[in-house]
Structure formats: C-alpha cells, structure tokens
Amino acid sequence: MKKIWNILLILVGIASLALIAITIFIATSMGKRANTDLNKDDGIKIVNRILYVYEFDSLKTKTDYELKILERDSVRIFKYKNLKDSTRNIAFRFNKLNSNLYFGPDKFNVVESDNYRTEFNFDKYELTEPIMDGVGPILFNKTYGVLAWDNNWGNQFYFVNEVNIDKIDLPIFKYNME
C-alpha cells in the first residue's frame with residue numbers, strides 16, 4: 001500500500017510540474033498584448049513644463065509639471081502631471097482627424113490659426129458650444145501641447161518651458177480693468 005501511495009505522489013508531482021511548465025510556455029509564447037489602457041505610461045515623449053497661474057495680470061503661482069504625450073490611433077493625449085500634487089493633474093485630447101481639442105468633456109474648435117507665434121504657431125481654440133463660465137480660449141499646438149488657457153474668472157494658465165519662458169510676454173490674455 002505504501003508503494004502505491006509513493007507512486008501516486010510521484011505522478012501528482014509530475015503532473016503539477018507539467019501543468020506549471022505548460023502555463024509558463026503559453027504565457028511567454030503569447031507575446032506582449034496590445035496596450036489599450038489610457039492610463040498606462042507608454043508615452044512617446046516626456047518633457048518638463050512650468051505652469052504659471054495669473055490672477056488678472058498678477059502672477060499667483062508657479063508649479064513644475066511633467067508633460068507626457070501619448071499617441072492613440074487618431075488621438076494625441078497630453079497628460080500634464082503635477083510633480084507635487086497628483087490631484088492637480090490635467091489632460092487634453094487632440095483628435096488628429098478633425099483637429100478638435102477636448103478638455104474633460106468639453107469640445108473645442110479652432111477659431112483662429114496661427115493666433116500666437118513663437119517657435120511654434122499656436123492656434124486659438126474656443127468651446128464648440130459656449131457655456132456660461134466655461135473655459136476658453138485655449139492656445140494649442142499639436143506638437144507643443146497647450147500654451148495657455150483662460151477660465152473666464154480672471155485666472156489664466158500658461159504651460160511654458162525653460163526655453164520659451166524668456167520669449168513669451170506673460171500674461172498673454174489681457175484684461176481691461178475699467
């Protein structure tokens with residue numbers, strides 16, 4: 001009886017090893033799965049940006065960000081990661097087929113091409129369907145990303161880098177305080 005029990009244990013051990021080997025073989029032979037998760041960090045380009053926030057015409061804050069540009073079929077995603085506070089992360093989506101820009105659920109269309117010129121020509125985008133107290137305008141270039149936007153409450157936001165900060169006269173959007 002003890003001999004049968006030993007043989008049975010050996011057979012179960014061999015079967016277990018075979019099952020593990022087959023599982024490893026299948027897992028490694030399938031290759032890398034296509035990435036469809038928008039939250040995966042497989043960016044094509046990572047650059048640093050500094051967010052300058054103006055309240056009317058006075059500088060309010062300056063914060064370091066990291067910009068990751070992701071390509072997804074017909075969409076280019078611009079993820080701005082706040083390096084100190086992840087609750088301040090921002091994302092814009094650019095549809096390459098129709099040149100629409102999305103900020104959250106809001107859709108923006110180009111209203112003026114080459115509105116602001118630096119080494120990049122920034123197009124001016126505004127809400128497709130204006131909303132009271134909605135965001136806009138946005139200065140955007142499909143290579144650089146967002147340069148500026150206004151929240152219509154007197155706050156203006158500017159994503160600049162070390163190279164172009166000296167070439168841009170901030171704030172770009174001027175308020176008439178009369």
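In this text the structure is predicted, and so the values were computed from the model without any measurement. The residue numbers shown here count from 1 along each chain, following its written sequence. Only residues with pLDDT of at least 70 get local features here, since the model is predicted, and only at 80 or more are side-chain atom pairs given and counted; chain-wide, interface and lining totals rely on the full set of residues. Values shown for side chains rest on all heavy atoms present in the structure; no hydrogens or waters enter the calculation.

On to the overall build of the protein, then. In this description a helix means any DSSP run of H or I spanning at least four residues, a strand means any run of E spanning at least two, and both kinds are numbered starting from the N terminus. Within the protein, the regular secondary structure consists of 1 helix and 10 strands. Shown N-terminal to C-terminal, the secondary structure of the protein runs as helices and strands in the order α-β-β-β-β-β-β-β-β-β-β. For each residue, the accessible area found with a 1.4 Å probe, counting protein chains only, is set against the maximum for its type, and the residue is called buried under 20%, exposed over 50%, and partly exposed in between. Put simply, the protein has 178 residues, and 34% of those count as buried. Contacts are residue-level and defined by heavy atoms, with any inter-residue pair within 4.5 Å sufficient. In the protein, of all internal contacts separated by at least 6 residues, the share reaching a separation of at least 24 is 37%.

Moving on to the pairing of strand β1 (residues 45-55). Strands qualify as paired when DSSP identifies two bridges or more between them. Of the strand pairs in this sheet, β1 and strand β2 (residues 58-72) are connected by 11 bridges, and their pairing is antiparallel. Each residue of the ladder has a partner; that of Ile 50, found in β2, is Asp 64. Counting the residues between successive antiparallel strands, the hairpin from β1 to β2 contains 2 residues, one of them, Phe 56, with a positive phi of roughly 55°. Alignment of β1 against strand β10 (residues 155-160), held across 6 bridges, turns out to be antiparallel. Counted as the bridge partner of Glu 55 is Asn 155 from β10.

Any pair of aromatic rings gets described here by the distance separating the centres and the angle formed by the planes. Any Phe, Tyr or Trp ring, taking Trp's six-membered ring, that has another such ring centre within 6.5 Å forms a pair; planes under 30 degrees apart are called stacked, those over 60 apart edge-to-face, and the others tilted. The tally for this structure, following the rule as stated, stands at 13 aromatic pairs. Residues Phe 94 and Phe 140 carry aromatic rings whose centres are separated by 5.2 Å and whose planes lie at 35° to one another, so their mutual orientation is tilted. Here Phe 94 is found in strand β4 (residues 90-95), whereas its partner Phe 140 is found in strand β8 (residues 138-141), with 46 residues between them in sequence. Of the two residues examined, Phe 94 and Phe 140, each falls in the buried class.

A word on the environment of Phe 120. The topology assignment puts Phe 120 in the loop between β6 (106-117) and β7 (121-127). Linking Phe 120 and Gly 145, residues 25 residues apart in sequence, is a C-alpha distance of 10.0 Å. With residues near it in sequence (within four places) discarded, Phe 120 still touches Asn 141, Thr 143 and Tyr 144.

Let us now look at the nonpolar core. General note: in soluble globular proteins, nonpolar side chains tend to be found buried as a group. Take the buried Ala, Val, Leu, Ile, Met, Phe, Trp, Tyr and Cys residues and link them wherever side-chain atoms come within 4.5 Å; each set so joined is a nonpolar core. Of all hydrophobic cores here, the largest spans 22 residues; its most connected members are Tyr 80, Phe 92, Ile 138 and Trp 149. Residues contacting Tyr 80, with those up to four places away along its chain left out, are Arg 49, Tyr 65, Glu 66, Leu 67, Asn 89, Ile 90, Phe 92, Tyr 144, Gly 145, Val 146 and Phe 159.

As a further point, take the pattern of salt bridges. Salt bridges are defined by distance alone: a side-chain nitrogen of Lys or Arg within 4 Å of a carboxyl oxygen of Asp or Glu. Per the counting criterion, the structure on display carries 5 salt bridges. For Glu 71, the salt bridge is made with Lys 96, and the minimal N-O distance between the two is 2.5 Å. Here Lys 96 lies in the loop between β4 and β5 (100-103) and Glu 71 lies in strand β2, a separation of 25 residues in the sequence. The partly exposed category is assigned to Lys 96, whose relative accessible area is 34%. Linking Lys 124 and Glu 126 is a salt bridge whose minimum nitrogen-to-oxygen distance equals 3.9 Å. Residue classification places Lys 124 among the partly exposed positions, given a relative accessible area of 21%. Residue class for Glu 126 comes out partly exposed when judged on its relative accessible area of 33%.

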